[in-house]
Every structure is written in C-alpha cells, then in structure tokens.
Amino acid sequence: MSCGLILFFQSGRPLGAGVRLGMGLRMNRTKGDEEEYWNSSKFKAFTFDDEDDELSQLKESKRAVNSLRDFVDDDDDDDLERVSWSGEPVGSISWSIKETAGNSSSSHEGREQLKSRNSFSSYAQLPKPTSTYSLSSFFRGRTRPGSFQSLSDALSDTPAKSYAPELGRPKGEYRVSYSIHWFDSFHMLFCQVCSLERFRSLQDKLQLLEEAVSMHDGNVITAVLIFLKRTLSKEILFRELEVRQVALRHLIHFLKEIGDQKLLLDLFRFLDRTEELALSHYREHLNIQDPDKRKEFLKTCIGLPFSAEDSAHIQDHYTLLERQIIIEANDRHLESAGQTEIFRKHPRKASILNMPLVTTLFYSCFYHYTEAEGTFSSPVNLKKTFKIPDKQYVLTALAARAKLRAWNDVDALFTTKNWLGYTKKRAPIGFHRVVEILHKNNAPVQILQEYVNLVEDVDTKLNLATKFKCHDVVIDTCRDLKDRQQLLAYRSKVDKGSAEEEKIDALLSSSQIRWKN
Amino acid sequence: MAFPHRPDAPELPDFSMLKRLARDQLIYLLEQLPGKKDLFIEADLMSPLDRIANVSILKQHEVDKLYKVENKPALSSSEQLCFLVRPRIKNMRYIASLVNADKLAGRTRKYKVIFSPQKFYACEMVLEEEGIYGDVSCDEWAFSLLPLDVDLLSMELPEFFRDYFLEGDQRWINTVAQALHLLSTLYGPFPNCYGIGRCAKMAYELWRNLEEEEDGETKGRRPEIGHIFLLDRDVDFVTALCSQVVYEGLVDDTFRIKCGKCHGPLLGTSHMAGLVFNEIRNEHFSNVFGFLSQKARNLQAQYDRRRGMDIKQMKNFVSQELKGLKQEHRLLSLHIGACESIMKKKTKQDFQELIKTEHALLEGFNIRESTSYIEEHIDRQVSPIESLRLMCLLSITENGDARCSLDTHYGPEHLLTFSNLRRAGLLTEQAPGDTLTAVESKVSKLVTDKAAGKITDAFSSLAKRSNFRAISKKLNLIPRVDGEYDLKVPRDMAYVFSGAYVPLSCRIIEQVLERRSWQGLDEVVRLLNCSDFAFTDMTKEDKASSESLRLILVVFLGGCTFSEISALRFLGREKGKREFIFLTTAVTNSARLMEAMSEVKA
C-alpha cells in the first residue's frame, strides 16, 4: 500500500482545466451562411477529433484515476459487486446459467456457498404487502391457482355456459354480460375449446369476431381467428377477412408465426396482393441452408410478380449465388492444393457463399485481380454482369489492393491516359477518400504523400497532410500559400534536427519568398 | 451539474414495490410445483429476472439447476422441469420437443410452463397440436413493469414495436392495459389522461374497461400521479432515428444498455446508476469530459487529505470514507474508459460529419449534400444499419422514398427489409400511385447512376413538401438561436440534439400539458394523421393534490430513447417544478428500430 501511496502523491498535480467546449453546434442562419458556419472557427463545435484538447483532458483524468488504482486495488473489494470472469455479477441468474451450461455435472459447492452468503432471510424480512396491493387483489381473475387443469374442469365450469349463448340478445345487453368474463381472458381462452363450438352460424361467428376486434386485445382476436380457420372453408374465411382489416392482419401474422406458408400464400393469392405473395415466397430462401438448393429455389422466384425493380434484384441474387457456388468450389480446391501463392499467404477466412455483392467484389479483387474478363471470378466480369457503378468499383478495388499493399495496382487504378498518351491521375471518389482508405491500410508515408498531393482543395489537403504527418506536403503547401505563420507553427510539430526542420528553416530564411504574413 | 435535485421537485412514487410484487408472484408460482425442479429460462428474461431475484431466492424455492432455453436437447436429470418463457411459438416447439423426446424414451416427468407476462392462445394451440396439452401445466407471471430507475419503468418488450407497428398485431395492448391497471391500483387513479396514436387510444380504452370491471378497488384512493400521457412511437419516428449525443443515449448507441446495465467492453456489467452516472447521464456529451476531470480532481483531493492524518484519523477515514471513495473511483474509471472508447469509435466513423448531415436533414436545407453523404456512406460500407437509418431519416424528413441500391451492398435480403420499412412507415411514400413509382424509379436509378449529384434533381422536383417539415414549422422544432447555443446551460429541450432540434414527441407532450388539451393543435394532429386518435379525458380533480398534479406519467408505446427521457427530465425541472415518470415498452434507439425491421430465418 505504501508504494501505491507514494505513486499517488507524486501525481498530485492539478488536472488540466480550461474547458473550451460547450459551443453550440448551430446558429440561427440562412442557407447562405452555411458555408461560413461550418468552417468558421468562431463557432467551433465540439468535435470528435483525436487532436482536440477535450481528449487530452480525458487522458489526464484517466492518468489521475489510474494513479489511484494501485492504492485502491490492493484492498479487498468485499463490499462491492463481485463480478465473475465473464463479466456477470457472481450470484446473478445469468451467471448461474452460464455455470450450468459450462459445467453440466454441476458445481455444487460453489452454489452452496452462495446460498449461505445470500440467504433467504433477506427475503423473509420484507414488509408484508399492505392491503392496497395484496397478492390476492393482484392475482384475482388472472392466474387462478390450481384451477382448470383438466378438460372436465373446464366443461363443468359455469362461465363457459354463461358466455356462449348471449348473442341472441340486443347488443347493449350482450355487452354487459360479456364483459363480466371478457377480462378474465384465462377463462375465456381456456373455455372456448368447448364454448366456441356453439357459434355455428356464419353470422354468429362474424359477430364473435367483431366483438373480439372491438375489445382491441390481439390475443383474443387471434383465438377467435383460430376457431374460424378451423370451422370455415378457406374461401369464406378469406372473403370475410378481406373487409375486416384488423382481423386480417392478425391472421397474416399468425400464419407467419406458425409457419403455415401454404395457407399464407393462398391468402395473398385470394386477396390479389401479388407483391406480398412474391416477397413471402422469396422469404423462404432464408430457411434453405444448402447452397445448391437455395439457388434452385431462387430460380423459382424469378418469374414472380415483383415490382420491376425488385425483379432485377431477384435475378441478380440468383446470378450472384450461381457465381459464388462456382467460385467457392474452384477456390476451395486451389486453397487445399496449396499451389497458389495468394491462398497460401492469405488463407480465406470464410466461404464466399451468400455474401453480398460488394463483399464478393472485394473477394475477387483480393484473390482474382489479374484474371481476364472471361472468367466468372474476375472483378471486371462482376462489374459488368452486375452493372456496378464506377465509384463503387474503385472504392472496393482500392480497399482490396491496399490491404495487399499492392501499390502499383493502386497507382494503376487512378491513372488514365488521354489520346495523346499523356497520363493523368483521376479518382471518381475524390482523392481525400483515397488517402483515408490508404491510411486505414497503413500505407507508407511516401505513398500517402503522393495522394495527399493530388487532393484539389487546398484546405482539405493541408488538413489531411497534417493529420497523416506528410511533412513535405504541409511545408510545400505553406510555401505555396506564402503562409509564414502557419509554417512557423508547424515547425514545432516536426522532430528537432530532422530534415523537415531544416527544410522549414531554409524556407523561413529564404529571401525569395514574399510571405503574406 | 445541470440537474441538481431541486428541493421543490415533487416526490416520486416508490416503484420498488413493483419488484417485490413480481418476486412474490414468481415465488408463488414456483411453489405450485413443489419439490426439486430445474428451471429453464428464456434468454430475454434473464436480465429482467436478475433485477428482481437472485439465485439464492430461486434455490430457496427448490430450483435445482438453471438452464437457458435454447435449441439444444436438455441435459437435465430432474424429475420436474419448469420453463420460464415469453409467449412465443418457438418456445412452445422447444418445450414440445423435450416432452415428446421424454415420452419416446418412456420417461415421465412433471412440466410447468410459466408465461411472462401472459400466455397467448396461439401458444396453447401449439401445445395442443404437438400433443402435449395436458402433459404440461401453464401459468402466467404478470411481470410487466420493471423499474430501471426511480423514474423509468420498462416493460422489457422490444418485440412490441415489430408486432404492432409492422405486423399490426394487437397482442400486447392487453399487457399494457394490465400494467396501467396495476399502476392505478397501486398509486391511485390518474385524474388527467391524454394520448395520441391509434395504439394509445386502444390501450386506453382497454384499460378503462379493466377499471370499470374492478370498480371500487381504485375508488376512494387519492391519486399520486396527476397526469398520464400515452404516445405511439410512430407519431415520431424522426427523434428515434437521430444519433444521440446526451451521455446516456450515446452510451446506449455505442455499447447498448441492456436492462439498465451496460454490456460494453469497458463498462463490464456495471449498473448504469451510481453517483457519477446520475450526474452526467443527461448531459450533452461535450460537458462530460470536464465533469469527469472535475470529479477526478475531487477524488484526488479526498485521498490527499490522508497526508496529514494521525493514526486515529486514518482509522476513521478507512472505516468511513474509503469505501465510498473506492466505489467512486471505480465508477470514474469506468466512465473514463467508456468515453475513450466512444471517442475512438466516433472518430473512426466520422461522427462529426454524420451529425452535420442529420442536422441538415432535420432543418431541411442542403438536401443535395446530405443525399450524397448518405450515398457515400452506403458505398463505404460503414454499417448497413446506419445506412438504413439515414435513408429512413432522409425519407421521412423529405417525405420521399430514398431507396438506394442497398441490397447490392448488404445482401439481397434487404429487399425484405425495405418492404418492412415501408409497411411500418419508416420509409415513406410521397404520394400514392403513379407519382410515387415515377419518382421512385427515377431516384433509385439515379442513385446507382454514375452521376451522383443528379439525385438531388429528383428530390427538388418533389413539389409537395413533407409533413415533417410542416409539423416542424408549426411546433417550432428547430429553435431560432441568436449567438451560440451554450450546451452547458441548456435553454430548451433541443440541447439533447446539440441545440439543433427539439424532439417532436417531447414537444407534443409539452404543448398538450401546457394547454391541458389538444385545443389549438388540430392542424398538427391532422398532419400527424392522428385526427381520430388524439384524446383527452379529465375526471374531476377534487381529490388530486397539487403535489400529484406535478407528476406526469408518459407512456411510450413502441419504445422511447434516452434522449427523449433526458429532454423531458429537463422540461420537468425547467418548467414549473414538475417531474416526469416514464413507462416504455422498451428503451430503444435507432439501431434497435432498424434491426426490428430486418428479416432473418425462421
């Protein structure tokens, strides 16, 4: 403990205070002010940026708190919540279940201990509920203990009788006697097995349904629908539901939940909801694991009455899976043969089956970049087949090639030749994005520098160059802008005695430049 | 900090009795199956259960081993099996497979299924179909109100959102009505009721019927809570779709707070309550660092005091203060860790840019830039859920369908997600019929087109302005601010979105409470398509104390966000010393809304 204390006292300097936050993110403004608003430093908002003072403040708080840690940790934490290795508090139910799962032979001793630690007495000492919230008042009419365990119980029960034959009465009267029992949904549901059988005429059935709908309780509506489904022909049921939308939605949801796909499709067909029919059918593919079977299933979806746009997607889905199956078989073979360098160096992490198109494109840019257009797995072929936009293609190819550190491929991706044979760099996604992606893939500074230089907007360029420590670009840009102050400020950010510092000093002392400040 | 507990704030009702009630009832039900038994618990019920009971309580009532309900054969050798589950078909099939396997093996055991919060007829039907009806006994555990905080009750029913707003299934409305009925039994009747939304109205009517049934029980009780406000989530999707920037909301967006506990890598499973957290949870994130550093300094000073102490003082210090300091130290390191992690994540994903785009969408300027930002977001494959969220936000705020070729990027299943989003109204359609399809095909074609900028032309051609824009104008959701918006000293509820936007849901509640009716809000109600579903119901107030009239229970049907909670907490303290209490079907955020709309295999 003494060691911790010494550490603690040594770090006892005050923490950085000066909070420069709290500036609002917006001002009253018109469209025209907008540019100024976002760029103006006056309204500098709180930013989620590494370099900010806010973060250094956080770091300092952390340092301070950590410095206390040694001291705090060597005490035992008996009074604090005990947390197991998995993060669940010991003794909690979630924790205990993990224990059972991990060790099915049971770890009795441990739990015995817990039992004594956390004894029942704490529960027994609870104040007795007062009359306002007594258990009996709370339970009344809901879970009646021990009742209705058997069918005979239910049959002999009176509510069933009084419930059923009320329909002949005028509505108001019916309502009253109905409401005596409707709240008691336990009764109603349990008893309807026998009682609902009494509703035999269509008129009675429909009135029953309407009554259920007017109560708003979905459970009761579904209960009645299940009865109607059993006692009415499909056509009659569908016909009546078509004009009862609330009930209809309940039936559709019920059929989805119990997985009665056939009846669901029949219903959509009857209702002439062709698009829902098609989507419902298509949805089935999610339940098919085997890729070949899934492919065959998707084939059956192609002719279905989707919207024009969806149709194209379904066709693409089928084509994509077809491709993936071919690529997967081929690549699995290549990989296991061990003859291909790329697969040896970068073993595949997962199968390509059922991956989205862009992932497939990335995969093919990664493993099959140089293949001729004629092969199914070549990126160019994918681009053509699925009409992948240029932007998307470039982004994906860039990410894949940068990951492999294939800088020549990256270079080629942005090089265009005009008719005179001059080369020019062009990026449909903007070079600022290119730089970010390269940085994410840990590109070396020389490479980053090259692309930062291609960013057109000077401010963006300067920001990126500073962020990614492309010193030369920053220095050259300041020189070009004739911004002596900024160059001077930047001098403090480069290493002492480095080539960059020398370069800055040379510029600052140069008499050739007419500084603007 | 910003919300010290004001001495003039009304006292909150004691909700801990809800936990006690739930626990008592569970014990009662467990005892209905006397003797040793193994308990199978559905994963979704584990965290709520943890908050009201623990293993030793279960053991006391002869629960031997605990298992998770999952699709695996049970290893249990117990003679009695008890299942604690949500009323779901797949659970019934699981139970049926266990029971039928036992039957095949010639084994007889006792089985009990406890449904929480209630049983559905469809579940019983499956038990019947599987031939095990009668072999298992069924019970209901009406545990539907979990106090997550002194002012926050959650029903822990995230599926409410999908079931009602997508499928139109009203199965949970009764559960809501029962919960409200329980509240009025415990805390007295609510003299003033307001509501907006179709579901709100139905829940209200069902609840009223229940009250009539049980007439007498609430009669004569003095109301403890003066107002109740019911609101459907689909009245305001926009707020729920926004990125959150108040601390608790941001933590929820980043790590997901589950059942009041945070399951982030750094926070472990610490309860999100605790002193440090209480003070910063409602703060805009920009104030949090300063607060934490202040706390760190104070803590350091507290420890520093030990320097000059003699033995006796030291002894005193160790016995009296050390524990608290240690606790605070632990919480502080947790939150600093969380902040670091948030910063790391947010820096990576260009959070600043994202927020800027959202604000532009909310204010309705520069749609072109926002649209191309969203497009780029999709191209960069940042996250499918995020992209979907932004598209929904664009679509609702602009009232146009912003469908992009997402399925290219995130798998073709998104076809189904799109269809769901549309049905739930998260992707809106500009006008029925030809106009729509024309615009839509134009938009989607352009989005996949090489010339990205052109998409805006499609949008600018939408002559009709969206309802959101009109509502926003009517309710003044975009505050006019001269000078800078000081997030340290919030001036209105907009602070929860950096001063850019007052949450629509909260504004509606504020306006109605101010007028104590919907009067003068007809146009807003019409624009919300809720003309038939905005209601008020006042009973005579003779018994309501002025204290109770300062308490307002807000019921969010379909979920509410931490930002909305923070905004209303602010409103309560700012205006007339009121206090809001929240009842939500679940705490939600944009990611949860989007995930609820996706299709997975059955």
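Chains are numbered independently. Their residues run from 1 in the order of the written sequence. For naming, the first written chain is A and the first written ligand is 1, with later ones following in the order written. Residue-level local features of this predicted model are given only where pLDDT is at least 70; pairs of side-chain atoms are given and counted only at 80 or more, and the full residue set underlies all totals for whole chains, interfaces and linings. To get the side-chain values, all heavy atoms of the structure are used, and hydrogens and water are removed first.

A. The overall build of chain B, seen in detail. Helix and strand counts for chain B come out as 26 helices and 14 strands. The buried label goes to any residue with under 20% of its type's maximum accessible area, the exposed label to any with over 50%, and the partly exposed label to all in between, with areas taken from a 1.4 Å probe on protein chains only. Residues counted as buried form 67% of the 602 residues belonging to chain B. Residues are treated as being in contact if the distance between any of their heavy atoms lies within 4.5 Å. At a minimum sequence separation of 6, the contacts of chain B that also span at least 24 residues come to 78%. For accessible areas, the Shrake-Rupley method is used with a probe of radius 1.4 Å. Any residue's cover is judged against the shown protein chains and nothing else. Put simply, chain B shows about 20900 Å² of open surface, and 50% of that area lies on carbon and sulfur atoms. Put simply, DSSP H or I for four residues or longer makes a helix, DSSP E for two residues or longer makes a strand, and each gets a number counted from the N terminus.

B. Representation of helix 4 (residues 89-104) of chain B in the model. Residue and element names in this part refer to chain B. Here helix 4 is 16 residues long and its end C-alpha atoms lie 22 Å apart, about the 22 Å a rise of 1.5 Å per residue gives. Along helix 4, the positions that sit buried rather than exposed are Ile-89, Asn-91, Met-92, Tyr-94, Ile-95, Ala-96, Leu-98, Val-99 and Asp-102. Phi for Gly-106, located one or two positions after helix 4, is positive at around 70 degrees. Given the number of residues in a helix, its expected span is that number minus one, multiplied by 1.5 Å.

C. Representation of a positive patch on the surface. On the surface, Lys440(A), Lys467(A), Lys344(B), Lys345(B) and Lys348(B) cluster together into a patch of positive charge. Ranked by residues supplied to the positive patch, first place goes to helix 14 (residues 322-348) of chain B with three residues. With respect to the helices and strands, Lys467(A) occurs in helix 27 (residues 458-467). The patch calculation keeps residues exceeding 30% relative accessible area without a salt bridge and links them within 9 Å when they carry like charges or within 5 Å when they are nonpolar (Val, Leu, Ile, Met, Phe, Trp, Tyr). Salt bridges are defined as contacts in which a side-chain nitrogen from Lys or Arg sits within 4 Å of a carboxyl oxygen from Asp or Glu. This count recognises Lys and Arg as positive and Asp and Glu as negative, with His and chain-terminal groups excluded. For charged residues, the charge sits on one atom: NZ in Lys, CZ in Arg, CG in Asp, CD in Glu.

D. The domain arrangement of chain A, seen in detail. Domain segmentation is taken from an automatic or database assignment of domains. Partitioning chain A into structural domains gives domain 1 (189-272), domain 2 (406-469) and domain 3 (470-516). Measuring from the centre of the C-alpha atoms in domain 1 of chain A to the corresponding centre in domain 2 of chain A gives 63 Å.

E. View of helix 13 (residues 311-320) of chain B. Burial runs low along helix 13 of chain B: only one of the 10 residues are buried. Residues adjacent in sequence count toward polar contacts only when both atoms are side-chain atoms; beyond that, a polar contact is any pair of N or O atoms within 3.5 Å, and within protein one must be able to donate a hydrogen and the other to accept it. In this structure Asp310(B) caps helix 13 of chain B, since a side-chain oxygen of it lies 3.2 Å from the backbone nitrogen of Lys312(B).

F. Seen up close, the pairing of strand 14 (residues 579-584) of chain B. Residues and elements named next belong to chain B. The buried count for strand 14 comes to six of six residues, which makes it a mostly enclosed element. Both faces of strand 14 are covered, namely the face carrying Glu-579, Ile-581 and Leu-583 and the face carrying Phe-580, Phe-582 and Thr-584. A strand pair is defined by DSSP finding two or more bridges across the two strands. Direction of pairing for strand 7 (residues 152-154) relative to strand 14: parallel, over a ladder of three bridges. Opposite Leu-152, over in strand 14, you have Phe-582 as the bridge partner. In this structure, strand 13 (residues 551-557) lies alongside strand 14, joined through six bridges in parallel fashion. Residue pairing for strand 14: Leu-551 is matched across the bridge by Glu-579.

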